[in-house]
Structure formats: structure tokens, C-alpha cells
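Take a look at the letters that make up each chain.
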Amino acid sequence: MKASSANLELKEKAGIAAANLIENGMTVGIGTGSTVEFFVKELGRSVKEESLSIKGVTTSHQSKILCYQLGIQVLDVGMLDEIDLAVDGADEIDYSLNAIKGGGAAHTIEKIVATMAKKFILIGDESKLVDRLGLDTPIPIEVIPEAVGLVQKKTKALGADPRIRMAVRKDGPVISDNGNFIVDLYFKQLENLSEINNLLLSIPGVIETGLFIGMASQAFIAGADGVKVLKVEKEGN
Ligand code: 5RP
């Protein structure tokens, strides 16, 4: 369900702009996706050429492999409870910096890493900015395979059209890095994001949603006029 690779130049600009925030000694949460790939490549360049010393906390096999390839030291996410900063892409971002994530099926670990970060920063090209979340992009949920029938019934009752995400170069469903299914929830209307998030999390077998509400303090959004930094006030930021 990944978007096309359009806007790669803008994604690169956003990724590089966020990499400029990283300082020696930081523990850095590293999201997943094509925009994050540019962020990590820039970090890898600084590690190699400028002796930047950081520790990466990765959110997926994708970002872990990339860090290893680029010589960025990686810490075990499960052994940590706080990190300095996390940077991640998103499928949609609103002007309050709420986001939908999970286009790459990595949102569960992404949310864990974003929550333990003192600062969580979103990066994206301008096509990701929307007035209202969830009307053009489904909300992904990670679901234990045994619960997928129940989850489909319960999410239909909440007004969603639930679709099990199917793999592209594998028969059958997408299996997340954690061994679970992803169900994409298509809504025609969405009034209260926090309420729908809580209702989804209350269904047995739903591990995590792709709704990131009130988590980011900044977003680096690249457009034709350059990279804009959007900020919201958050305690401690
Ligand atoms: C992965 C994600 C990604 O950050 C999101 O899908 C954006 O991806 P891209 O940077 O490739 O557009 O949430 O689970």
C-alpha cells in the first residue's frame, strides 16, 4: 500500500533538514520508509565524513539493515525507555501535527520509539499535509492473525470498511515485522480521532493503530519553496 516514489527529491530535502538536528552523543529513533531512508543516508554520511557519533534506535528491519549498511551503531529498542529524539515519515500529517502512519506496516514499533523520544519529529513532502486525517488515507491497525475476523466485524460496527492488506511479491497477506496482519480501515467520515483510536485499541487482538495523535512537536515539510518547519507547543519541547 506504499505510495508511489514520486516527490523523492522533496523527501530527500526533508530528510536532510532533519538530519541537521542530530548532535554528537544522541540516541536517535529512526523511523521507516522512503523519506526516512534519506534521513538515515545523511546520518551515515556524517558518521563517515564528520565523525558524528550517535546510536540509532530502529523501528523496522528496513531501518536496521540500512543502519548496519551505513555504519550507524544500533541499540536494542527493547532495552531502552528513553531516547533523545526520533524522526519518522508519515502517510498524512495535519496542521496540529497529528499523523497517520503505517503505510510500511511498521507503526507499532514506530509508536513505541516515538513515545520514548524526548522529541518526535515528522518529515515529509508537502503531499502529506492535509486539513483532516483519514479521509483519503486508511488508518492501519496491526492485528494478531487469530483476531482478524473479530476485528473486521467490530471495525465495521465503527463505520469502517476494513481490508486485510495483501502482499505484493508474496501470496497472501502482508505480515508485519512482528508476525501480524495489517488491516487498513477506510472511513467515509471521522469526527473524533482520539475516540476512534481508543475504541480501536479496545478490540481484543488489535495491537496498535497508525494514529499518532499529539505526539510530534515539529514537522519538516519540503515543498517547491524549500523546507518549512511546522511546530506545535508541547511540554518539554
Ligand atoms: C511506515 C510509515 C512511513 O513512515 C510512512 O508510510 C511514510 O512512508 P514514505 O516516507 O515512504 O512516504 O509509517 O510504517
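Below is a short write-up of the structure. (Residues numbered from 1 in each chain as written. Predicted model: local features only at pLDDT ≥ 70, side-chain atom pairs only at ≥ 80, totals over all residues. Heavy atoms only, no water.)

### So, the nonpolar core
Okay, so step 1: One finds I22, F39 and L43 to be the most contacted residues of the largest nonpolar core, which totals 25 residues.
Okay, so step 2: Listed by contribution, the elements that provide at least two residues to this core are helix 1 (8–19), strand 1 (27–30), helix 2 (34–49), helix 3 (61–70), strand 4 (83–88), strand 7 (117–125) and strand 13 (218–223).
Okay, so step 3: For this core, the element with the highest residue contribution is helix 1, accounting for 5 residues.
Okay, so step 4: Ignoring any residue separated from it by four or fewer positions in sequence, one finds L43 in contact with A19, I22, V28, I30, L52, I54 and I72.
Okay, so step 5: If you look at the next biggest cluster of nonpolar residues, it comprises 21 residues, including I100, L133, F181 and I203. (Core = buried A, V, L, I, M, F, W, Y, C linked by side-chain atoms within 4.5 Å. Buried < 20%, exposed > 50% of the residue type's maximum accessible area, 1.4 Å probe, protein only. Helix = DSSP H or I, 4+ residues; strand = E, 2+ residues; numbered from the N terminus. Contact = heavy atoms within 4.5 Å.)

### Observations concerning the site of the ligand
Okay, so step 1: In the neighbourhood of the ligand, 18 residues make up the surrounding shell, with S34, T35, D91, K101 and K128 lying closest.
Okay, so step 2: Take S34: an N or O atom from its side chain is 2.5 Å from an oxygen atom of the ligand.
Okay, so step 3: Summarising the interface, the protein chains cover 98% of the accessible area of the ligand, which totals 380 Å² for the free molecule.
Okay, so step 4: Partitioned by chemical class, the residues of the shell around the ligand number 3 nonpolar, 8 polar and 7 charged. (Near = heavy atom within 4 Å. Polar contact = N/O pair within 3.5 Å; in protein donor to acceptor, adjacent residues only side chain to side chain. Areas by Shrake-Rupley, 256 points an atom, 1.4 Å probe, with all protein chains shown as cover. Nonpolar A, V, L, I, M, F, W, Y, C, P; charged D, E, K, R; others polar.)

### Things to note about helix 6 (residues 193–201)
Okay, so step 1: Within helix 6, the full set of buried residues consists of L193, I196, N197 and L200. Take helix 6 and look down its axis: the buried residues cluster within an arc of 105°, on one side only.
Okay, so step 2: On its buried face, helix 6 sits against helix 4 (107–116), strand 8 (139–143), helix 5 (148–157), strand 10 (181–187), strand 11 (206–209) and strand 12 (211–212). (Arc of directions from axis to C-beta.)

It is worth stressing that arrangement in space is one thing and function is another; only the former is reported here.
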